[in-house]
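# Examining the three-dimensional arrangement
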Amino acid sequence: MRFLDYLGLVFYNLGRRKGRVALTAIGVVIGTAAVVVLVALASGLQRNATRQFSQVGNLTLITVYPKYGEVMSQPVGGGGSGGSGQPQTKLLTPQAIAELSAIEGVAQVIPRDSLRGGARLVAGRMETYPFIMAYDTPDLSVFNFQMKEGVAELKRGEALVGEYLAKGFNDPRWRPGQPQPEQPEILGKQLKLVVQKFAQDGTMTERVYSVRIAGIIKQRMDETDYGMIMRMDDLTQMNEWLMGKRINRNKEGYDMLYVKTTDSKKTTEISKQINDLGYQAYSPMEFIQSANNFYTIIQIVFGGIGAIALLVAAIGIANTMTMAILERTREIGLMKAVGATNRDVMSIFLGEAGGIGLIGGVGGVALAWGLAQVINVLAASYLTNPVQFGGQPPGPAAYIEPWLPLFALVFSTLVGILSGLYPALRAATMVPVVALKYE
Amino acid sequence: MNGDVFISIRQLRKTYIMGRVRVHALAGVDMDIPAGSFTVVMGPSGSGKSTLLYLLGGLERPTSGQILVDGRDLSVMDENALALYRRSTVGFVFQQFNLVSSMTALENVAFPMRFSGIRTGERLTRARALLTQVGLATHLKHRPTEMSGGQQQRVAIARALVHNPRLILADEPTGNLDTVTGYSIMQLLSELHQQGRTVMVVTHDPRMLRFATHTVYLLDGRVVSREEFEKASALPQEEKSAG
Ligand SMILES: Nc1ncnc2c1ncn2[C@@H]1O[C@H](COP(=O)(O)OP(=O)(O)OP(=O)(O)O)[C@@H](O)[C@H]1O
Ligand SMILES: [Mg+2]
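Residues numbered from 1 in each chain as written. Chains lettered and ligands numbered in written order. Predicted model: local features only at pLDDT ≥ 70, side-chain atom pairs only at ≥ 80, totals over all residues. Heavy atoms only, no water.

## Observations regarding the environment of Arg166(B)
All names here are of chain B.
- When you line up the elements, Arg 166 lands in the loop between helix 5 (149-160) and strand 7 (167-171).
- Residue classification places Arg 166 among the partly exposed residues on the basis of a relative accessible area of 44%.
- Between the C-alpha atom of Arg 166 and that of Gly 91, which follows or precedes it by 75 residues, the distance is 8.1 Å.
- Excluding residues that lie within four positions of it along the chain, Arg 166 makes contacts with Phe 6, Asp 70, Thr 89, Arg 197 and Thr 198.
- A polar side-chain atom of Arg 166 sits 2.9 Å from a polar atom in the side chain of Asp 70. (Helix = DSSP H or I, 4+ residues; strand = E, 2+ residues; numbered from the N terminus. Buried < 20%, exposed > 50% of the residue type's maximum accessible area, 1.4 Å probe, protein only. Contact = heavy atoms within 4.5 Å. Polar contact = N/O pair within 3.5 Å; in protein donor to acceptor, adjacent residues only side chain to side chain.)

Right, here's the structure in full:
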């Protein structure tokens, strides 16, 4: 049979019983729509999550932490610190910075340190407790800070604060029943930073520093949101007072390093190399990848739930095809009598079953598309928290990826074909005479 | 035409098993039919006439024995070969016409040509020509329900001719028709014979014998002579079935 003739015959046969085909296809429509909408919801979740990570943004950054006294799993050659097999501590010393800088594809290594004690930031009656850190780089542009107010530059005695910290001041003297105090204006203001030092015997001494707030950093979904960034020389000065001695970076190292890579595609690989050198490295890429795996599983689970609806539809198709074959038994006998091969008969009925699946699939994709629009409109009006933190509004709640409709059509057609398999096989293997004599 | 053997049947048996009962529809049939002959098969109801035609048409398989048509052995053909044999060598005409009720006369005749991969244009041209040949040039667009029995049978005959088969098998083609209409169908079959085809017709109508070049009498699944056949036909029913 020519392919076009074959298709023509299949659709002619479907057209002969439009009503029943339509009723059977409705089951497939619902099943397919369920699969598409649920997978689209999972995709929407994933995209929103990924967007938030990449908003934070920097897929070329790896954070490296020191490793303390563990037996390394594999001996590492080179790298300056010998003694393989020994319990090894990998501190973030200048030597380590040189080691990491030498890795192919590393653009820059930026040390970070944090305050080794408590500190209170005071603005008038209001106060808050920042996480204080400093980056040892003259140029903060690597971090791509989006400023809510002010600039991302630090002179001596200046600090940048995270958006949540800037909004998180409270009044220690406030009592329930009193009106909520207003958040202080802090940009450009000279605030008091009270650093607290605890001696061995538990007594506390305080020292007051003065800091000017040079800028407020927009929400980044990381520790800067509640943090305060100062210059390294200012921070070192406070730390040296806290520890009562000069800091030797060769002995103590930094508490964290940012490794910036030349290309986000290399990030995961370089992160792995750094881990192999004995440090603890993390990159947002890895996080996004593991999040992606998680959402892929959600998609499969959601898709599977939808597929149950399709399974019910499949039973409907099988039923309709079985009926059709009973009703058309004599016609099958005739087809064979005039020279149709078993394969011809088989393909015709499989084609009809697949056709019902395809028709239902088209309807299901259309329905799912409509549903996704409705869901997105509803989600946009009910779920968007008034964009209070200045973040971007979330993306669509249900996102139909371009491959999804195609997959749904192929899948529903396959479901149809599979459901038609047994009836079609029965039709194909009928003895012509028996079929012709069928009443 | 010529006297070459076209159909050769040897020890042909067809046994139906119904529970414990074995029905010997054909109980060892031998016959040789020359090419270009017009054979009329006669016999009482249940004697195995239809069974013989179905086996010859490749519509079912024999229990044992051999059927050679044009030198090819049907009993050893696989399903595919048998389908090709039905498509190319045989045109089958049924008592119940077996037209597809949703298709017009033209579509019914053109239908089998789909399976042999003939293009739409060629299909319709051929179908139109055949319907004209059987005298239905004015009924191309009629559906089976819009035609008389005789007209339907003409459509069925036209359909049997689409692959220009050398063998026409007709199982009581006039059985559902009145005598006058039936006679015109017989004439049509006779014309096909005169065009050089080998025709085998099962019928109860003795008028058909005037077109026959050969006659086969079947009795209880066996080929018998005319004398035996007439003797059996003359006997009352009870005695016949007792014998
Ligand atoms: N599928 C079947 N199962 C069981 N028995 C069958 C089957 N088909 C035919 N028979 C039996 O085989 C015998 C021959 O049947 P067949 O149809 O060939 O007779 P026939 O000569 O064509 O009769 P009629 O003139 O009534 O059409 C009958 O006894 C019939 O009951
Ligand atoms: Mg019969």
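## Concerning the sheet that holds strand 5 (residues 72-73) of chain B
All names here are of chain B.
- Spatially, 4 strands are ordered 2-1-4-5 in an open sheet, and the strand pairing comes out antiparallel. Edge strands, defined here as strands with exactly one partner in the open sheet, are strand 2 (21-34) and strand 5.
- Where strand 1 (residues 5-18) lies against strand 2, 11 bridges are found, and the strand directions are antiparallel. When the bridges of strand 2 are listed, Thr 15 appears paired with His 24.
- Helix 1 (residues 49-56) contacts strand 1, strand 2 and strand 4 (64-69) of the sheet and is inclined by roughly 120 degrees relative to strand 1. (Pairing = 2+ DSSP bridges. Axes fitted to C-alpha atoms, helices over the stretch in contact; angles between N-to-C directions.)

## Things to note about unusual backbone geometry
All names here are of chain B.
- Backbone geometry at Glu 172 places phi at a positive 45 degrees, although glycine is not the residue there.
- The residue Glu 172 is located in the loop between strand 7 and helix 6 (179-194) in this model.
- The backbone of Asp 220 sits at a positive phi, close to 50 degrees, despite the residue not being glycine.
- Along the chain, the position of Asp 220 falls in the loop between strand 9 (214-219) and strand 10 (222-224).
- Among the residues examined, Asp 220 registers a relative accessible area of 53% and is labelled exposed.

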